[in-house]
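Architecture and fold: a report
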Amino acid sequence: MSKRSAVSGHAPRYRHTEVAVAIGRQIVGGAWAPGQALPPEDALSRELGVSRSSLREAIKILAGKGLVKSSPRRGTVVRAQDQWNLFDADVLSWRSEGQLSADFVRELFELRRMIEPDAAALAAERAIPARLNALETAMAALAAADTHSTHSIEADLAFHRAVLAASGNQLLAALAPVIEASLTLAFRVTRATPDELDHVIPMHGAVVDAIISGDAAAARAAMRGLLARSEHDALAVARPGTAARPQPTGRALSQEPPPRRGRAALPAGVDPGDV
């Protein structure tokens, strides 16, 4: 599929999000070095087959994620990775496309260990009935699903979301999208393996039992155990070390020869629902 048809195949209201996904993936993938400028707006919009206004909206999306910044003198420039919004669900997803790297898995679980065990302890201490009911409902759905199925993944996401909500701390609950993004990435690899996952239900059940019984210490310990085993499962299928990134070429978003400088690769079949 051509770059133009990849964009024009959807309703116009989606074009800017598709362009943002395409360019964002290239930036996060390392095709553009920090400090490099994207091609001029007129050239890039013409190459992508979208209006300049759609391109501007796409750049706004990427700027909101911290990936780029615009200046009158240099145009749109790629920002350093330490300025990216690494909690953004799209950035998380783009960082992990392909097989997850072991380093990335460790970073995700380091973050989760700082959040979820204490959230489970707070849930046990506060025992808010309606929120505990939501946790038990999620646990029941998880127990009823085939562990390798999408239903199991959805139930597991609901489970961890319910633990954060049951903490009674709105700021912790607001971290749910970050936790869900990291979970989705880990589940994508661990649930796809043919290995038996008999530990999944008992370990989640231990967290629920501790929370329902009001035992904060046990809830914290059970969640730590669950995270440790989940990290082990993810690392077992992760790529060793840091994910390899393409070397910046100084050209636009493709690997074409210099005479075709400024071309931007739009992946075929981009789904607007991914944005």
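Residues numbered from 1 in each chain as written. Predicted model: local features only at pLDDT ≥ 70, side-chain atom pairs only at ≥ 80, totals over all residues. Heavy atoms only, no water.

Examining the pairing of strand β1 (residues 68-71)
In terms of strand pairing, β1 meets strand β2 (residues 75-78) through four bridges, oriented antiparallel. Paired with S70 across the two strands is T76, which belongs to β2. The loop that links β1 with its antiparallel partner β2 comprises three residues. (Pairing = 2+ DSSP bridges. Helix = DSSP H or I, 4+ residues; strand = E, 2+ residues; numbered from the N terminus.)

Thoughts on the pattern of salt bridges
One side chain can pair with another of opposite charge once the charged atoms of both are near each other. Taken as a whole, this structure holds 10 salt bridges when the rule is applied. A salt bridge links R56 to E41, with the shortest nitrogen-to-oxygen separation between them at 2.9 Å. Taken as a pair, R56 in helix α4 (residues 52-64) and E41 in helix α3 (residues 41-48) lie far apart in primary sequence, 15 residues in all. When its relative accessible area of 40% is taken as the criterion, R56 is described as partly exposed. Ionic pairing is found between D233 and R229, a salt bridge with its closest N-O pair at 3.1 Å. You can see D233 and its partner R229 sitting in helix α12 (residues 216-236), four residues apart, about one turn around the helix. (Salt bridge = Lys/Arg side-chain N within 4 Å of Asp/Glu carboxyl O. Buried < 20%, exposed > 50% of the residue type's maximum accessible area, 1.4 Å probe, protein only.)

Focus: the confidence of the model for the chain
For any part of a model where pLDDT is low, the fine detail of the predicted coordinates should not be relied upon. In this model, the chain carries a mean pLDDT of 79, and residues with pLDDT of at least 70 account for 77%. Here helix α1 (residues 3-8) stands out as the element of the chain with the lowest mean pLDDT, 44, in contrast to helix α11 (residues 200-212), whose mean of 96 is the highest. For residues 1-12, every residue scores under 50 in pLDDT, and the model assigns this stretch 27 contacts once sequence neighbours within four places are set aside. Confidence drops under pLDDT 50 across residues 242-275; counting only partners more than four residues distant or on other chains, this segment forms 73 contacts. (pLDDT = per-residue confidence, 0-100. Contact = heavy atoms within 4.5 Å.)

A short note on the environment of P117
Tracing the chain through its elements places P117 in helix α6 (residues 102-126). Here the alpha-carbon distance between P117 and L227, two residues 110 residues apart in the chain, equals 8.8 Å. Ignoring sequence-local partners within four residues, the contact set of P117 consists of R112, R220, M223, R224 and L227.

Side note on the packing of α6 against α12
Running from N to C, α6 and α12 cross one another at 160 degrees; their axes reach a closest spacing of 8 Å. What the angle tells us is that α6 and α12 run roughly antiparallel. In this structure, α6 meets α12 at a crossing whose hand is right-handed. Split into classes, the residues belonging to the contact of α6 with α12 amount to 13 nonpolar, one polar and nine charged. (Axes fitted to C-alpha atoms, helices over the stretch in contact; angles between N-to-C directions. Parallel < 35°, antiparallel > 145°, perpendicular 65-115°, else oblique. Left-handed = near helix turned anticlockwise from the far one by under 90°. Nonpolar A, V, L, I, M, F, W, Y, C, P; charged D, E, K, R; others polar.)

Quick word on the nonpolar core
Core analysis: the biggest nonpolar cluster contains 46 residues, and L135, F159, V163, V207, I211 and M223 have the highest contact counts within it. When contributions to this core are tallied by element, the ones reaching two or more residues are α6, α7 (129-144), α8 (150-166), α10 (176-190), α11 and α12. If near-sequence neighbours (up to four positions away) are discounted, V207 is found in contact with F159, A222, M223 and L226. (Core = buried A, V, L, I, M, F, W, Y, C linked by side-chain atoms within 4.5 Å.)

A closer look at unusual backbone geometry
One non-glycine residue, A127, adopts positive backbone phi at about 45 degrees. With respect to the helices and strands, A127 occurs in the loop between α6 and α7.

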